[in-house]
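Coordinate inspection notes
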Amino acid sequence: MKIQILYGTESGNAELLAMDLEEHISSEGDHDVELADLQEFEVDALNPETYYIIACSTHGEGELPYTAQGFYENLVEASPNLEGLHYAMFGLGDRFYEDTYSQGSEVLDTKLTELGATRVGEYGRHDASSLEVTPSDAALEWLPQALAAFSDVRENVPAAS
Ligand SMILES: Cc1cc2nc3c(=O)[nH]c(=O)nc-3n(C[C@H](O)[C@H](O)[C@H](O)COP(=O)(O)O)c2cc1C
């Protein structure tokens, strides 16, 4: 299947994690995978035939990282119908920020869902305060169930005629 990994980052953790996910998925050889920074990805390019993995951190007070803000604003403005589009979400945050933990990714998640897209699998999270687990390790542990959720969707969607 075609998988597009998208990341929103400010200090690089989500980017590194996304690169590790891409490397891992590529090495398995089963999928056609691409990686893009959200600030270089056009809303128009969203396509229901592609499965999306989104890794996004939190900055400010529960806000999107600045690299994801333009994409979000374009989503709000264009308001595309995203029915049929499936994505898996991995949020990065820090429990030190009790009231806004991991909320950056949730801003994007809420908007995608409002526009008709469907999140599949578990909502992935990494807490920067848990020093023993790196963001990449947490995401690589989360990845198999996300890929399995994509496969389930694909098996249940009738092929286009
Ligand atoms: C200035 C600043 C503000 C932050 N605000 C939040 C926040 O409100 N909630 C949260 O869960 N994490 C917050 N974080 C933690 C980051 O989301 C976390 O360190 C993450 O791993 C950064 O990922 P990135 O390098 O991809 O941007 C903040 C970090 C910084 C430096």
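Everything here concerns the structure above.
Overview of the structure. The model shown is predicted, which means the values in this text are computed figures rather than measured ones. Within any chain, residue numbers begin from 1 and follow the written order of that chain's sequence. The predicted nature of this model means local features are confined to residues of pLDDT at least 70 and side-chain atom pairs, given and counted, to a pLDDT of 80 or more, with totals for whole chains, interfaces and linings taken over all residues. Remark: hydrogens and water are excluded; side-chain values derive from all non-hydrogen atoms of the structure.

Focus: the site of the ligand
Summary of the distance rule: residues count as near a molecule or strand when at least one heavy atom falls within 4 Å of that molecule or strand. Around the ligand sit 20 residues in total, of which Thr9, Ser11, Thr58, His59 and Thr100 are the nearest. Side-chain atoms alone can form a polar contact between residues adjacent in sequence; in general such a contact is a pair of N or O atoms within 3.5 Å, and within protein one must be able to donate a hydrogen while the other accepts it. One of the side-chain N or O atoms of Thr100 is found 2.6 Å from an oxygen atom in the ligand. Protein burial of the ligand: of its 640 Å² of free accessible surface, 81% is covered by the chains. The set of elements that each furnish at least two residues to the shell around the ligand consists of helix H1 (13-28) and strand E4 (86-93). When residues are grouped by polarity, Ala, Val, Leu, Ile, Met, Phe, Trp, Tyr, Cys and Pro land in nonpolar, Asp, Glu, Lys and Arg in charged, and all others, Gly among them, in polar. Looking at the shell around the ligand, its residues break down into 5 nonpolar, 12 polar and 3 charged. Note that accessible areas follow from Shrake-Rupley with a 1.4 Å probe, and for residues the cover is restricted to the protein chains shown. Here a helix means four or more residues in a row that DSSP labels H or I, a strand means two or more in a row labelled E, and each is numbered from the N terminus.

Side note on the pairing of strand E1 (residues 2-8)
A simple rule labels every residue: compare its accessible area, found with a 1.4 Å probe on the protein chains alone, to the largest value its type can have, and call it buried under 20%, exposed over 50%, or partly exposed in between. Across the 7 residues that make up E1, a large majority, 6, are buried. Should DSSP find at least two bridges between two strands, the strands are regarded as paired. As paired elements, E1 and strand E2 (residues 32-37) share 6 bridges and run parallel to each other. Opposite Tyr7, over in E2, you have Asp37 as the bridge partner. Orienting the strands away from the viewer, one traces the path from the first strand over the helix to the second; a clockwise path indicates a right-handed crossover. Remark: the E1/H1/E2 crossover connection has right-handed handedness. Alignment of E1 against strand E3 (residues 50-56), held across 7 bridges, turns out to be parallel.

Re helix H3 (residues 103-114)
Here the expected length of a helix is defined as 1.5 Å per residue gap, with one fewer gap than residues. A rise of 1.5 Å per residue sets the reference length of H3, with its 12 residues, at 16 Å; its end C-alpha atoms lie 16 Å apart and thus fit the reference within 8%. For H3, every residue scored as buried is listed here: Gly104, Ser105, Leu108, Asp109, Lys111 and Leu112. Along the long axis of H3, the arc covered by the buried residues comes to 165°, so they all point the same way. Contacts are assigned to residue pairs that have any heavy atoms within 4.5 Å of one another. In the core, the buried residues of H3 are packed alongside E3, helix H2 (66-78), E4, strand E5 (118-119) and strand E6 (124-127). Positive backbone phi, approximately 105°, marks Gly116, located one or two places after H3. Note: the arc covers the axis-to-C-beta directions of the helix.

Let's talk about the environment of Asp37
Structurally, Asp37 is set in strand E2. Residue Asp37 is classed as buried on the basis of its relative accessible area, which comes to 9%. Distance from Asp37 to Tyr66, taken between C-alpha atoms, is 12 Å for residues 29 residues apart in sequence. The residues touching Asp37, leaving out its near neighbours within four places in the chain, are Tyr7 and Thr67.

A short note on unusual backbone geometry
One non-glycine residue, Ser79, adopts positive backbone phi at about 45°. Within the element layout of this structure, Ser79 appears in the loop between H2 and E4. What makes Ser79 partly exposed here is its relative accessible area of 47%.

Observations regarding the pattern of salt bridges
Take a side-chain nitrogen of Lys or Arg and a carboxyl oxygen of Asp or Glu: if they are within 4 Å of each other, that pair is a salt bridge. Evaluated as defined, the whole model comprises 5 salt bridges. Among the salt bridges present, the one from Asp127 reaches Arg95, with a minimum N-O distance of 3.9 Å. Taken together, the residues span a long stretch of sequence, with Asp127 in strand E6 and Arg95 in the loop between E4 and H3 at a distance of 32 residues. In this structure Arg95 comes out as exposed when scored by relative accessible area, which is 52%.

Read these as layout, nothing more, since geometry by itself doesn't imply function.
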